[in-house]
Amino acid sequence: MSPDWFYKYFLKTKPATFLNVITIKPGMHKYNACLLFALIYTIAYTQPVQKEGRIIVDGLTRSFITWLPAANVKGMPAIISLHGNLGTPKGQLRLADFRPLALQEGFIIVCPAGIDRSWNDGRATKANKKAVDDVHFIDMLISSLIKTYHIDSSRVYITGMSNGGFMASRIACRLSNRIAAAAIVAATMDKDVDYKPLQPVPIMYIHGTGDPYVPYKGGLMTKGAGGNIYGHEEVLKQWAGINHCNMQPTVTYQQALINDGTTITRQEYSCPGGKPVIGYTVNNGGHTWPGGPQYLPKLVVGTASKNLDACRVIWSFFKASHL
């Protein structure tokens, strides 16, 4: 693109666009003016933008935050990130902070709000007691994102923690035709909820052995919404069966880089068709987002490990699932 073309186009045909932003001084060389306009244009279209959105689903007004790495996100992938019980979209954006990666890699982040700050993941949550259809909401949200931002519909991913993690598991099962991959933190699946997976999905679970709310070994939950849940290794085997994987995982013990009392064990099930099942055990980790903030005292939620960057491993997993 030549400076002459840029100068002619924006001064002759788009004066209102830029002349209300910057005053052209008499005698300014047109090439210098072009450089100024190019700088303004670049800044305007490459800065991240956070927007609040709403859609009507089943007669309910549903809200969400969309974080865009630039003004033009056409063709980008999207991560839908679900907060935990009593959480909020803004809180989830800070807790699972994908924003630095989104700037670097080029994807959008969407943090929706659950009804009464909860999700109907099939257990006795507040949203469940109100019979909220959150599967339908996420389905309609994806359609809205495709229509509004022209995102890549083949690269829509979902993640979540705690109640949001259980919901992400349910979405992976019920919307496997729309979700390219899923990553669940501090959650598994409820044995008594009929999730009905429709097809294999690349999936990852990250869980701390010291989680005081969602027991790592599964069984009856005594806190929160309750439930009879799969343990971490059980849920990996469930998905390994769904994805037709080799049922003997490759186990890797990762060296601790920070002395915070936690270590990391990685399990990977090799599966046909590029649909892997991966688990990260955070030994001595709590009901937290690894690599994220210690949002409540350790006595309440356990340790937020710094030996695993959950956002980075999740995005690497999502990106690899599309190769």
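A. The arrangement of unusual backbone geometry in detail. Its identity as a non-glycine residue notwithstanding, D58 has a phi of 55°, on the positive side. Tracing the backbone shows D58 in the loop between β1 (49-57) and β2 (60-68). Despite not being glycine, H244 shows a phi value in the positive range, around 60°. Within the secondary structure, H244 sits in the loop between α9 (232-242) and β10 (250-254).

B. Fine view of the packing of aromatic side chains. By the definition in use, this model includes 7 aromatic pairs. Ring geometry for F98 versus W289: centroids 6.1 Å apart, planes at 80°, classification edge-to-face. Remark: W289 occurs in the loop between β12 (277-283) and α10 (298-301) and F98 occurs in the loop between α4 (89-95) and α5 (99-105); sequence separation between them is 191 residues. Each member of the pair, F98 together with W289, is buried. The positively charged end of R123 is found above the aromatic ring belonging to F166, 4.1 Å away from the centroid.

C. Representation of the sheet that holds β2 within the structure. Taken in spatial order, the 10 strands line up as β1-β2-β4-β3-β5-β6-β7-β12-β11-β10 in an open sheet, and their pairing is mixed. The strands lining the two open edges of the sheet, one partner per strand, are β1 and β10. Between one strand axis and the next, the sheet turns by 20° as a mean value, whatever way the strands run. In terms of strand pairing, strand β3 (residues 78-82) meets strand β4 (residues 108-112) through 3 bridges, oriented parallel. Directly across from I79, in β4, lies its bridge partner I109. Across the sheet, helix α7 (residues 134-149) touches β1, β2, β3, β4 and β5 (156-161), and the angle it forms with β1 is around 125°. Packing of helix α11 (residues 310-321) onto the sheet brings it into contact with β3, β5, β6 (181-185), β7 (203-208) and β12, and relative to β6 it is tilted by some 160°.

How each quantity is defined
- Residues numbered from 1 in each chain as written.
- Predicted model: local features only at pLDDT ≥ 70, side-chain atom pairs only at ≥ 80, totals over all residues.
- Heavy atoms only, no water.
- Helix = DSSP H or I, 4+ residues; strand = E, 2+ residues; numbered from the N terminus.
- Phe/Tyr/Trp six-rings, centres within 6.5 Å; stacked < 30°, edge-to-face > 60°.
- Buried < 20%, exposed > 50% of the residue type's maximum accessible area, 1.4 Å probe, protein only.
- Lys NZ or Arg CZ within 6 Å of the ring centre and 35° of its normal.
- Pairing = 2+ DSSP bridges.
- Axes fitted to C-alpha atoms, helices over the stretch in contact; angles between N-to-C directions.
- Contact = heavy atoms within 4.5 Å.

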